[in-house]
Number of protein chains: 2
Amino acid sequence: MIVAREYLQSFGIRPSVQRVAVMHYLLTHRTHPTVDEIYSELVNEIPTLSRTTVYNTLHLLYEHGAILALCIDGVNTHFDGYTSPHAHFMCSQCGKIYDVDLDDVAFVERNTPKNASIVTDAQLYYKGVCATCANKSN
Amino acid sequence: MIVAREYLQSFGIRPSVQRVAVMHYLLTHRTHPTVDEIYSELVNEIPTLSRTTVYNTLHLLYEHGAILALCIDGVNTHFDGYTSPHAHFMCSQCGKIYDVDLDDVAFVERNTPKNASIVTDAQLYYKGVCATCANKSN
DNA sequence: GAGTATTTTTGTAATGATTTCAAAAACGAA
DNA sequence: TTCGTTTTTGAAATCATTACAAAAATACTC
């Protein structure tokens, strides 16, 4: 948990037990979990944990740029503790979200809208069927 | 409405009155409206129109690739009748969504995930504050 | 053109993610 | 320890979306 605590502090976020747990979860699980997936896991560790706290914490982390928020399927927001520039690919069959490396990391920045005064977030995502699911349905 | 009707047919979609109205609205309004914005406008034209029909129609159009569906703020899905490759920029102050041209239209395709068997959709979006809103708050 | 099957629309009710809010708990400073 | 501030909690409310079955419109056949 040391890493998560220091990571939060580097963003100026006070490291409460709940915040550290959420951040630690996201740093150690590259699965792009939803609020409920995070809550369901952490409530074992912190039995008094409230879903609202998970919502509050994720908002806070997102506002401070400590995590990414991904809205791909229009149903659930997914979260990512890995904030280096990369894209995402969601399989509409299994629901998994994969990280996607970019051949030109500067592309997104270079195409920043001209009429944007401030840009707080930029995301590139793909939707489709992953190879694993495509093979299964043979 | 002629254009919308033929446009739908080119995608193999039967042109009902409601479908043509929704498609026509999206072809003539580049505002990236939500379901409710579309419904509220069209119900004047088609008084019996149901919100469910708008939902059904938008799903259908999206499935056939006739429109884009944008999930940017995680609250509302916005729709776009202009399907040529471009990105979007949403101002978190006024809520407007702007079209963004790309300096390299092939970028998105070129970076298609390796483990993708089928790609049905790809979107790039930016979030921030637009110049108009930034000037207002001076 | 009448009759029948199929597709589409409609409206209400249900679902489920997210937000609101005020009280309780934890924390920090003096 | 005490007081003020921040954070957490949980229940209730909100609101976009979906489910579903009946009604309406459309297409198909004789």
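Preceding this section is the structure that the text describes.
Being a predicted model, the structure only gives us computed values, none of them experimental.

Trainee: Give me the interface of chain A and chain B: which residues, what numbers.
Mentor: In this complex, chain A contributes 36 residues to the contact, which on the side of chain B involves 36 residues. Here chain A and chain B share an interface that buries about 3200 Å² over both sides, 56% of which is from carbon and sulfur atoms. Looking only at chain A, the three residues that lose the most surface to chain B are F107, Y125 and Y126 of chain A, adding up to 20% of its buried area. The interface formed by chain A and chain B holds two salt bridges in total. R110 of chain B serves as the salt-bridge partner of D103 of chain A, at 2.7 Å between the closest nitrogen and oxygen.

Trainee: Which residues make up the protein's contact with DNA strand D, and what values go with them?
Mentor: As a structural note, the neighbourhood of DNA strand D is formed by 17 residues, with S16, R19 and T53 of chain A together with Y55 and H59 of chain B the closest of them. Here, DNA strand D places atoms within 4 Å of the protein, and 77% of those atoms are sugar or phosphate. T52 of chain B is positioned such that a nitrogen or oxygen atom in its side chain is 3.3 Å from a base nitrogen of DNA strand D. In the environment of DNA strand D, a phosphate oxygen lies 3.1 Å from a nitrogen or oxygen atom belonging to the side chain of T77 of chain B. Among the elements of the structure, helix 2 (17-28) and helix 4 (51-63) of chain A together with helix 4 (51-63) of chain B are those that each provide at least two residues to the surface near DNA strand D.

Trainee: Can you break down the nonpolar core residue by residue, with the values?
Mentor: Counting residues in hydrophobic clusters, the biggest one holds 29 residues, and the most contacted among them are F89 and L124 of chain A together with F89 and L124 of chain B. Formed by 24 residues, the second largest nonpolar core is a distinct cluster that contains V35, I38, L42 and A66 of chain B.

Trainee: Before we move on, could you go through the pairing of strand 4 (residues 97-100) of chain A and cite the residues and values that matter?
Mentor: Relative to strand 4 of chain A, strand 3 (residues 87-91) of chain A is paired through four bridges, and the arrangement is antiparallel. By the bridge assignment, A87 of chain A is partnered in strand 4 of chain A with V100 of chain A.

The rules behind these values
Per chain, residue numbering runs from 1 following the sequence as it is written. To read the labels, note that chains go from A and ligands from 1, taken in the order they are written. A pLDDT threshold of at least 70 governs which residues receive local features in this predicted model, and a stricter bar of 80 or more applies before side-chain atom pairs are shown or counted, although totals over entire chains, interfaces and linings include all residues. Just so you know, side-chain values use all the structure's heavy atoms and leave hydrogens and water out. Any two residues whose heavy atoms approach within 4.5 Å at even a single point are treated as in contact. Throughout, the accessible surface (probe 1.4 Å) given up by two parts as they are put together, summed over both, is called the buried area. Basic side-chain nitrogens of Lys or Arg form a salt bridge, by our definition, when they fall within 4 Å of a carboxyl oxygen of Asp or Glu. Put simply, a residue is near a molecule or strand once any heavy atom of it comes within 4 Å of that molecule or strand. Polar contacts, as used here, are pairs of N or O atoms within 3.5 Å; protein pairs need one atom able to donate a hydrogen and one able to accept it. Residues neighboring in sequence count only if both atoms are side-chain atoms. Helix numbering and strand numbering both begin at the N terminus, where a helix is a DSSP run of H or I of at least 4 residues and a strand a DSSP run of E of at least 2. What we call a nonpolar core is a set of buried Ala, Val, Leu, Ile, Met, Phe, Trp, Tyr and Cys residues that are connected through their side-chain atoms within 4.5 Å. Any residue under 20% of the maximum accessible area for its type is buried, any over 50% is exposed, and the rest in between are partly exposed; the area is computed with a 1.4 Å probe on protein chains only. Any two strands with at least two DSSP bridges between them are considered paired.

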